[in-house]
Amino acid sequence: MVTAVPRLVVAAPSSGSGKTTVATGLMAAFAARGLTVSPHKVGPDYIDPGYHALATGRPGRNLDAYLCGPELIAPLFLHGARGCDLAVVEGVMGMYDGAAGEGELASTAQVAKILGAPVVLVVDASSQSRSVAALVHGFVSWDPGVRVGGVILNKVASDRHEALLREALESAGVPVLGALRRAAPLETPSRHLGLVPVAERRAAAVEAVAAMGALVADGCDLAALEALARTALAVPGGAAPWTPGLPTHDRPSRSVERRGPVVAVAGGAAFTFSYAEQVELLTAAGADVVVFDPLRDDSLPQGTAGLVVGGGFPEVYAAELSANEPLRKEVAALAESGAPVAAECAGLLYLCRELDGQPMCGVLDAAARMSERLTLGYRDAVAVSDSVLAPVGTRLRGHEFHRTVVEPGAGAAPAWGMRAPEPRVEGFVQQGVHASYLHTHWAAEPGVARRFVERCRTS
């Protein structure tokens with residue numbers, strides 16, 4: 001029964017404690033034991049789920065209570081966990097950290113409570129011994145609604161160090177479920193927005209995930225961790241799995257033969273940021289989704305009626321994207337025809353006239369460049385222009401995460417209005433184009449996908 005799938009939430013006192021190593025390693029170790037593992041990530045992060053997918057062979061899925069609302073967390077989890085033996089949920093930041101100024105909203109603790117899942121706390125044990133018990137006691141007792149089932153010690157220096165840590169935690173009554181040594185030979189390079197995505201280093205990423213799995217299998221009590229996962233009961237509240245399907249009254253009659261419009265979705269190393277549910281929603285709305293790689297393909301998929309270009313790292317591949325002039329011209333011609341085009345963050349940069357001096361598609365009269373300033377945070381947004389994604393007044397929550405600046409010219413209307421961190425308008429709406437820095441999770445508003453596909457049919 002899907003509502004009773006065994007599950008663990010991997011949390012930590014702070015970022016940098018080793019959550020990704022432990023969560024990905026657990027996924028790989030359990031998968032190596034023959035279990036079908038469902039991978040999940042709390043928060044808006046796109047990169048960690050790529051490593052989760054390598055570890056499990058299933059799409060990595062996000063659980064973000066800010067973007068989607070707390071009410072969708074359990075349904076989205078159950079959707080991803082269909083047919084699985086066990087689920088592992090990697091947390092975000094520190095266990096009680098969430099959306100700024102919003103209490104527990106979007107925190108790992110909130111998601112654990114919504115799912116009724118036991119928590120495994122990953123503690124960076126370097127430079128401490130007995131104090132670890134006080135640290136863990138604080139996290140265990142802070143919110144009685146969060147059930148911490150045990151601790152995995154990370155960056156342990158020696159057998160003696162491990163013995164001291166275990167002794168301290170035994171006196172605190174918290175089980176130690178694993179201890180990982182400090183000198184772990186793991187190669188997971190980072191750059192300006194976090195880990196380098198799997199698509200850019202697949203062979204090395206496969207090796208890194210295998211190393212994480214071996215490290216966790218060697219240093220953790222997998223039997224005890226699986227037993228802890230099985231203490232999770234049915235998801236509280238009787239939630240049903242989310243479905244991307246159309247409501248009954250919107251479904252076309254079976255007697256009517258309808259060939260879906262081709263929606264091209266950018267992929268490859270330059271465009272790795274997308275949520276798995278986006279393609280599912282487009283498909284459910286009737287689209288024939290075809291993924292293409294702007295670094296390798298010199299034309300759009302045959303019959304393209306609409307284009308979706310998500311986030312990623314086009315600034316890293318600006319020269320290669322610019323060199324693919326035939327594709328840039330096709331994208332510009334598609335947009336000029338009025339066909340629906342939806343672009344987020346990296347997609348916005350690709351549609352600009354230039355990026356760091358390199359010619360891009362020229363769909364928008366705007367120039368983009370790298371910046372020293374990191375723009376990061378959740379946003380409340382309202383559509384201020386009618387577009388292929390939403391009518392005026394539609395409210396969505398999104399997330400910004402970039403180190404680039406776009407200097408707009410003329411000819412486009414703004415896409416979104418925001419009140420925080422300061423009142424402003426953002427993005428571009430021009431003919432059938434909707435381009436913005438804002439990352440959104442379409443499961444929060446399924447009408448976005450339906451509207452986009454309908455415009456593909458009629459444009």
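Residues numbered from 1 in each chain as written. Predicted model: local features only at pLDDT ≥ 70, side-chain atom pairs only at ≥ 80, totals over all residues. Heavy atoms only, no water.

**Student:** Got a minute to help me understand the overall build of the protein chain in this structure?
**Tutor:** Each helix and strand counted, the protein chain has 14 helices and 22 strands in total. In summary, the protein chain has a C-alpha radius of gyration of 23 Å against a globular reference of 23 Å for 459 residues, a match within 12%. Its C-alpha atoms give the protein chain principal-axis dimensions of roughly 70 × 50 × 40 Å. Looking at the 459 residues of the protein chain, the share that counts as buried comes to 56%. Looking at the protein chain alone, contacts between residues at least 24 apart form 76% of all its contacts between residues at least 6 apart. (Helix = DSSP H or I, 4+ residues; strand = E, 2+ residues; numbered from the N terminus. Rg over C-alpha atoms; globule rule 2.2 N^0.38 Å. Buried < 20%, exposed > 50% of the residue type's maximum accessible area, 1.4 Å probe, protein only. Contact = heavy atoms within 4.5 Å.)

**Student:** I tried to follow helix α12 (residues 325–336) on my own but got confused; where do I start?
**Tutor:** One turn of an α-helix holds 3.6 residues; hence residues three or four places apart share an orientation. The end-to-end C-alpha separation of α12 is 16 Å, in line with the 16 Å expected for 12 residues at 1.5 Å each. Buried within α12 are the following residues: Leu 327, Arg 328, Val 331, Leu 334 and Ala 335. One face of α12 carries all of its buried residues, which in axial projection span an arc of 125°. With respect to the buried face of α12, the exposed residues turned more than 90 degrees away are Lys 329 and Glu 336. One or two positions beyond α12, positive phi appears at Gly 338, with a value near 95°. (Expected span 1.5 Å × (residues − 1). Arc of directions from axis to C-beta.)

**Student:** Just to check I follow, could you spell out the side chain of His 441 for this structure?
**Tutor:** With respect to the secondary-structure elements, His 441 resides in the loop between β22 (439–440) and α14 (447–458). Within the structure, the side chain of His 441 is placed 3.5 Å from the side chain of Glu 277, a separation counted as a polar contact. Here His 441 is in contact with Asn 62, Leu 67, Cys 68, Tyr 275 and Glu 277, once residues within four sequence places are set aside. (Polar contact = N/O pair within 3.5 Å; in protein donor to acceptor, adjacent residues only side chain to side chain.)

**Student:** What's the story with the sheet that holds strand β2 (residues 37–42) in this structure? I'm lost.
**Tutor:** Sheet strands pair via backbone hydrogen bonds, and the direction of the pair is either parallel or antiparallel. Spatially, seven strands are ordered β3-β2-β4-β1-β5-β6-β7 in an open sheet, and the strand pairing comes out parallel. A strand with exactly one partner marks an edge of an open sheet, and here the two such strands are β3 (61–63) and β7 (176–181). Strand-to-strand twist across the sheet, computed as the mean angle between neighbouring axes with direction ignored, equals 25°. Pairing of strand β6 (residues 148–156) with β7 involves four bridges; the strand directions are parallel. Following the sheet pairing, Val 156 is matched in β7 by Arg 181. (Pairing = 2+ DSSP bridges. Axes fitted to C-alpha atoms, helices over the stretch in contact; angles between N-to-C directions.)

**Student:** Would you explain unusual backbone geometry in this entry?
**Tutor:** When glycine is set aside, most residues are seen to have a negative phi, and most peptide bonds are trans. Residue Pro 421 follows Ala 420 across a cis peptide bond; omega there is 5°. Relative to the assigned elements, Pro 421 resides in the loop between β18 (416–418) and β19 (424–426). In this structure, Ser 127 is a non-glycine residue whose phi angle is positive, near 65°. Mapped onto the secondary structure, Ser 127 falls in the loop between β5 (119–124) and α6 (131–142).

**Student:** In this structure, what is going on with the packing of aromatic side chains? I would like to understand it.
**Tutor:** Here a ring pair, both rings aromatic, is described through the centre-centre distance and the interplanar angle of the planes. All told, the structure shown has eight aromatic pairs when counted by the stated rule. Summarising the aromatic geometry, the rings of Tyr 96 and Trp 142 are spaced 6.3 Å apart at their centres and angled 55° between planes, so their arrangement reads as tilted. In this pair, Tyr 96 sits in the loop between β4 (86–90) and α5 (108–115) while Trp 142 sits in helix α6, placing the two residues 46 residues apart along the sequence. With a relative accessible area of 66%, Trp 142 lands in the exposed category. Among the aromatic side chains, those forming a connected cluster through ring pairs are Tyr 46, Phe 273, Tyr 275 and Phe 313. Above the face of the Tyr 66 ring, Arg 397 is positioned so that its terminal group lies 4.0 Å from the ring centre. (Phe/Tyr/Trp six-rings, centres within 6.5 Å; stacked < 30°, edge-to-face > 60°. Lys NZ or Arg CZ within 6 Å of the ring centre and 35° of its normal.)

**Student:** Explanation requested: the sheet that holds strand β12 (residues 304–309) in the structure shown.
**Tutor:** Across the sheet, six strands lie side by side as β11-β10-β12-β13-β21-β20; this open sheet has mixed pairing. What marks the edges here is a single partner per strand, and that holds for β11 (288–292) and β20 (428–430). Geometrically, the sheet is characterised by an average inter-axis angle of 15° between neighbouring strands, direction not taken into account. In this fold α12 packs onto β11, β12, β13 (341–344) and β21 (433–436), with an angle of close to 110° to the strand it touches most, β12.

**Student:** Quick question: what am I supposed to make of the layout of surface pockets here?
**Tutor:** Unfilled space is identified by rolling a water-sized probe across the atoms. As a volume, the largest pocket reaches approximately 950 Å³. Along the walls of the largest pocket sit 35 residues, with Ser 15, Asp 45, Val 92, Met 93 and Phe 401 positioned nearest its centre. Of all the secondary-structure elements, those providing two or more residues to the lining of the largest pocket are α1 (19–32), β9 (194–195), β16 (366–383) and β17 (395–408). When its residues are assigned to classes, the lining of the largest pocket shows 15 nonpolar, 14 polar and six charged. Lining of the second largest pocket is provided by 25 residues; of these, Tyr 46, Gly 50, Ala 53, Thr 272 and Ser 274 occupy positions nearest its centre. Those elements that provide at least two residues to the lining of the second largest pocket are α2 (48–56), β10 (262–266) and α10 (276–284). A per-element tally of the lining of the second largest pocket places α2 first, with four residues. (1 Å grid on protein atoms, 1.4 Å probe; cavity = no way out; pocket = protein on both sides within 12 Å on 5 of 7 lines; lining within 4 Å. Points joined across faces, edges and corners; volume = space filled by probe spheres on them. Nonpolar A, V, L, I, M, F, W, Y, C, P; charged D, E, K, R; others polar.)

**Student:** What is the right way to look at the confidence of the model for the protein chain in this model?
**Tutor:** Low pLDDT means the predicted coordinates in that region are not meant to be read closely. Mean pLDDT over the protein chain: 93, with 94% of residues reaching 70 or higher. Within the model, the stretch residues 247–258 combines pLDDT values under 50 with seven contacts to residues more than four positions away or in other chains. (pLDDT = per-residue confidence, 0-100.)

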